[in-house]
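Coordinate analysis (summary)
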Amino acid sequence: MKVKVLSRNPDDYVRETKHDIQRVPRNYDPSLHPFEVSREYTRALNATKLERVFAKPFLASLDGHRDGVNCMAKHTKSLSTLLSGSCDGQVKVWNLTKHECVRTLQAHEGFVRGMVVRYCGTSFFTVGDDKTIKQWKMEAPGYGEEEEPLNTVLGKTVFTGIDHHQKTGVFATCGQQVDIWDEQRSSPVRSFTWGVDSFSSVRFNPVETNLLGSCASDRSIVLYDMREATPLKKVIMTMKTNTICWNPMEAYYFTCANEDYNLYTYDMRFLEKPVMVHMDHVSAVLDVDYSPTGQEFVSASFDRTIRIFPKDAGHSREVYHTKRMQHVICIKWSADNKYILSGSDEMNIRLWKANAAEKLGVLSSREKEATNYNQKLKEKFQHHPQIRRIARHRHLPKSIFHQKNELRAMKEARRRKERNVRKHSKPGSVPVVSEKEKSVVAVVK
């Protein structure tokens, strides 16, 4: 005789303590769950709405400068340390966890044009309008000691930018030419020129550390190899580039901030046209910095906003602004991928969250699971019209909103004119030029 009985193991459903969650047996057979998609859609919609409710990106304001913040530098070893230089020659060292200034020094006469922390984190370099390069100790001087630089190099012309090599005691400056310096010498090891009046920015590649790029006043971006005697090649654009930033994960890619309101991502092997054009700003883009993951970058603009772009998207996923923030001159993405720091010309440094709705602090395992589940739901239903509309909506200041609409109308008018000219011309006489190709004038090798 065969007898079938129900058998349950108490370990599968009995709680160990009264604080444990009740275990509920689930059958994943899809035929038993006919309304699963509609339930998940409702959850995704609620998660998207709650994300916009909790999107409060602004964290703190660091004030203390007496003039506009002109440049910033991240510490290479410490997450909580930030350096900033202002237009009155003052340099401040900030403790970001306490939101306070721990050290102030008068570094230069006139603007502090650039600053960078040495790769080991023990000292930092500054350049200014007084034609000097100064090296400073990272630690504050002891009681009774004077605030003096470790080393001072007097140049022949004004320096406009500086960057340090990732692995050795070599740094690069730019001004009327791009100079490569050894820390032990008072004259440049190598100088690069290419018939250009001046350079505004220079950056070392963090992956291929012998490569560097610079932006010149003749609207060009010039690439160099430190081991070569001459520059590698340059791309001339329709408008001037203010600064460039290399992707920290992919050696060949860099993004440049341009005066024509756009950012351009290039592959240095194929400079004939950019890989991607990033459009959304309504005024000149002044600075750009990549996240440590290399998946996103943040841009600072003259239009008083900060925008976060995915590296392979043409439009920003986030825009930050406040009523008091003026022209944003410099921007940095923290090394832990969680925060963004912006310096603007109304003398403030602002601390923002990289993900506006992210909860800071320690998360329990249930919170982490819920967050991951909601994220997957939002990705699954991201193209549904209602969810997409809520997720994409961002409030903009009235002036920027009107400028954006005006620029869109102007661009559409240009396209319409081109179409009409092509329609009434001989076939093939008016070629179709893509948006990517319009920005490049020539590539010189």
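As the structure is a prediction and not an experimental result, all values here were calculated from the model.

1. So, the side chain of His278
With respect to the element layout, His278 can be found in strand β21 (residues 276-279). Within the structure, the side chain of His278 is placed 2.7 Å from the backbone oxygen of Ala313, a separation counted as a polar contact. In this structure, His278 is in contact with Asn262, Leu263, Tyr264, Thr265, Phe297, Phe309, Pro310, Lys311, Ala313 and Gly314, ignoring residues within four places of it in sequence.

2. Some details on the nonpolar core
Of all hydrophobic cores here, the largest spans 16 residues; its most connected members are Ile221, Ile244, Phe254, Cys256 and Tyr266. Going through the elements one at a time, β15 (211-216), β16 (220-225), β17 (233-237), β18 (241-246), β19 (253-258) and β20 (262-267) are the ones with two or more residues in this core. If we skip the residues at most four places from it in the chain, Phe254 touches Ile221, Leu223, Ile244, Cys245, Trp246, Asn247, Tyr264, Thr265, Tyr266, Met268 and Leu271. Counting 15 residues, the second-largest nonpolar core is a separate cluster that includes Val196, Phe204, Ala216 and Met226.

3. Focus on the state of the cysteines
Enumeration according to the criterion identifies zero disulfides in this entry. We note that Cys120 lacks a disulfide partner, and the nearest cysteine sulfur, in Cys71, lies 20 Å from it. With no disulfide partner, Cys245 has as its closest neighbouring cysteine sulfur the one in Cys215, 11 Å distant. A residue is classified by how much of its surface remains accessible, and Cys245, at 5% relative accessible area, is buried.

4. A short note on the UniProt feature "domain: Sof1-like protein" (unreviewed entry) in the chain
On the UniProt side, "domain: Sof1-like protein" (unreviewed entry) is annotated at positions that read residues 354-440 here. When the span residues 354-440 is considered, its composition is 62% helix and 1% strand, and the gap between its end C-alpha atoms is 32 Å.

5. Here we look at empty space enclosed by the protein
Inspection of every chain in the model, using the stated rule, returns two cavities of 30 Å³ or more. Together, Lys74, His75, Ser78, Leu79, Thr81, Leu82, Leu96, Ser334, Ala335 and Leu341 line the largest cavity. Looking at side-chain class alone, the lining of the largest cavity contains five nonpolar, four polar and one charged residues. Its boundaries defined by the atoms lining it, the second largest cavity holds a volume of some 60 Å³. Lining the second largest cavity we find Phe125, Ile133, Lys134, Gln135, Asn151, Val153, Phe171, Asp182, Glu183 and Arg185. Examining the composition of the lining of the second largest cavity, we find that three residues originate from one element, strand β8 (residues 132-137), more than from any other. Here the lining of the second largest cavity is composed, by residue class, of four nonpolar, two polar and four charged.

What counts and how
- Residues numbered from 1 in each chain as written.
- Predicted model: local features only at pLDDT ≥ 70, side-chain atom pairs only at ≥ 80, totals over all residues.
- Heavy atoms only, no water.
- Helix = DSSP H or I, 4+ residues; strand = E, 2+ residues; numbered from the N terminus.
- Polar contact = N/O pair within 3.5 Å; in protein donor to acceptor, adjacent residues only side chain to side chain.
- Contact = heavy atoms within 4.5 Å.
- Core = buried A, V, L, I, M, F, W, Y, C linked by side-chain atoms within 4.5 Å.
- Buried < 20%, exposed > 50% of the residue type's maximum accessible area, 1.4 Å probe, protein only.
- Disulfide = S-S within 2.5 Å.
- UniProt positions renumbered as here; feature names shortened; annotations may be inferred.
- 1 Å grid on protein atoms, 1.4 Å probe; cavity = no way out; pocket = protein on both sides within 12 Å on 5 of 7 lines; lining within 4 Å.
- Points joined across faces, edges and corners; volume = space filled by probe spheres on them.
- Nonpolar A, V, L, I, M, F, W, Y, C, P; charged D, E, K, R; others polar.

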